[in-house]
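Fold and contact review
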Amino acid sequence: MADLLLNAAAPFMPLPPKWLGLDLVLPSMLSEVCQLGTALTLHHSSDRRMREIVKSCDRVPFRELLSEVPRAKAADEARRAQLASKRLDWHGLKIQATLQKSLADSLTSSDLKAWTSNTSFITPTIANFARKGLLRCLPTNSNLHLWGKSPSSSCPQCHSVETEKHVLNNCSGSAEQGRYTWRHNAVLKLLLEHIKQHLPDGAELLADLPGHTHPSTLYSGIVPDITIVKDGLATILELTCCYETNMLASRARKLEKYRNPAGYSLLPYPFKVLTLEVSSLGFLSPRSLNEFCNTTGVTPLQPNDLRRLGEMALRCSFFIFCSRHKPWPIQPSDPFFH
Ligand SMILES: [Zn+2]
């Protein structure tokens, strides 16, 4: 199936939140269910002539449901079949469905539902940015060129093709200017606020941010984002703000990088390494983070705290996107929200 035009009705719209859809019933779907209802009434009529009408009609949606299920279940079965078909159509799109497919592989349906729910409460401008980013229809030069609105698909900073992934995570020029580090540190700061408030007695916190004991007091050659030493065990948490398609790869890369922290440690601790991936549009899985909290005795983050971590990444990504063709501020402030 060809990729959709920007203004085409998209099959993702009726999909449920766990599949990152909008949970909308399309008029065409409603019409099919109504036709099925009429056909069921005729099919089960005591009047033979009414039953003949259904038999002679060649356009009855879900004809197989007429006799095989009780009437009350037929509409549910039809709806399920419609959603399965829309999902198949949607996943057939090479470009627009890329992120949803990757996210479904790396996160659970409750992680995806949480994102959908959180996004519905956010400022409309940011929520629209998130949705367009998810569908890969942001006004990048790549898309604008495709739509006949830009003479070039290139990034003005580094001349690579300017896709969503390029702007939000992969531009070498942006990386050099610290745009992605700014987002990473904004999320890290928020996480550290929680950890500091809920650090158990006797635990020592090291973090790669100003205002904290620096990891260089414990390591030589590596700089983990967060280390908590408690009861003789050093637990590392490495944060990555990655693109939606890279959540599993980012985790694997970090685990490989921190395969042997004891080899870089100045003190003979046993180590445990955990990672947290927060995507550019604010997707995250709390599982490793919960394990980190359970191991270190820090109170686990509540759903509202997790929402704020994702929203911080998303809001920073929005600013990175809006500034893509502008100079980067010398000291950008972190986004503020409740
Ligand atoms: Zn670039």
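Just so it is clear, the model here is predicted, and its values are computed rather than measured.

Points about the domain arrangement of the protein chain
As a measure of interface size, the accessible area lost when the parts come together is often cited. The assigned domain composition of the protein chain is domain 1 (17-94), domain 2 (109-176) and domain 3 (179-322). For domain 2 and domain 3, the distance between their C-alpha centres works out to 25 Å. Counting from both sides, the interface comprises 16 residues of domain 2 and, opposite them, 18 residues of domain 3. At the level of secondary structure, the elements contributing two or more residues to the side of domain 2 that touches domain 3 comprise helix H6 (109-120), helix H7 (124-134), helix H9 (164-170) and helix H10 (172-176). Top contributing element to the side of domain 2 that touches domain 3 by residue count: H7, with 5 residues. Here the residues of the side of domain 2 that touches domain 3 sort into 10 nonpolar, 4 polar and 2 charged.

Notes on unusual backbone geometry
At leucine 20, a position not held by glycine, the phi torsion is positive, near 65°. Looking at the element boundaries, leucine 20 is found in the segment before helix H1 (27-43). With 25 C-beta atoms counted inside 10 Å, the residue leucine 20 sits in the buried group. Of note, arginine 136 is a non-glycine position whose phi angle comes to about 55°, a positive value. Within the element layout of this structure, arginine 136 appears in the loop between H7 and helix H8 (141-146). For arginine 136, a count of 21 C-beta atoms within 10 Å puts it in the buried group.

Quick look at the sheet that holds strand E3 (residues 233-242)
Reading across the sheet, the 4 strands line up as E1-E2-E3-E4 and stay open at both edges, with mixed pairing between neighbours. Pairing within the sheet leaves two strands with one partner each, and these edge strands are strand E1 (204-207) and strand E4 (271-279). Averaged over all pairs of adjacent strands, the angle between strand axes in this sheet comes to 20°, irrespective of strand direction. Where E3 lies against E4, 9 bridges are found, and the strand directions are parallel. Within the sheet, the bridge partner assigned to glutamate 238 lies in E4 and is threonine 275. Along the sheet face, helix H12 (residues 247-257) touches E3 and E4 and points at about 155° away from the line of E4.

Rules of the game
- Think of each chain on its own: its residues are numbered from 1, step by step along the sequence as written.
- Selection of residues for local features in this predicted model requires a pLDDT of at least 70, selection of side-chain atom pairs for listing and counting requires 80 or more, and totals for whole chains, interfaces and linings are taken over all residues.
- For the domains described, the bounds stem from an automatic or database domain assignment.
- For the purpose of contact definition, each residue receives a C-beta atom placed from its backbone, and two residues are in contact when these atoms lie within 7 Å.
- Helix numbering and strand numbering both begin at the N terminus, where a helix is a DSSP run of H or I of at least 4 residues and a strand a DSSP run of E of at least 2.
- Each residue gets one label: Ala, Val, Leu, Ile, Met, Phe, Trp, Tyr, Cys and Pro are nonpolar, Asp, Glu, Lys and Arg are charged, and the others, such as Gly, are polar.
- The burial label depends on the number of other C-beta atoms within 10 Å of a residue's C-beta. Counts of 20 or more mean buried, 12 or fewer mean exposed, and intermediate counts mean partly exposed, with C-beta atoms placed from the backbone.
- Pairing between two strands is assigned when DSSP locates at least 2 bridges connecting them.
- Interaxial angles span 0 to 180 degrees and are taken between N-to-C directions of axes, which are lines fitted to C-alpha atoms, for helices over the stretch in contact.

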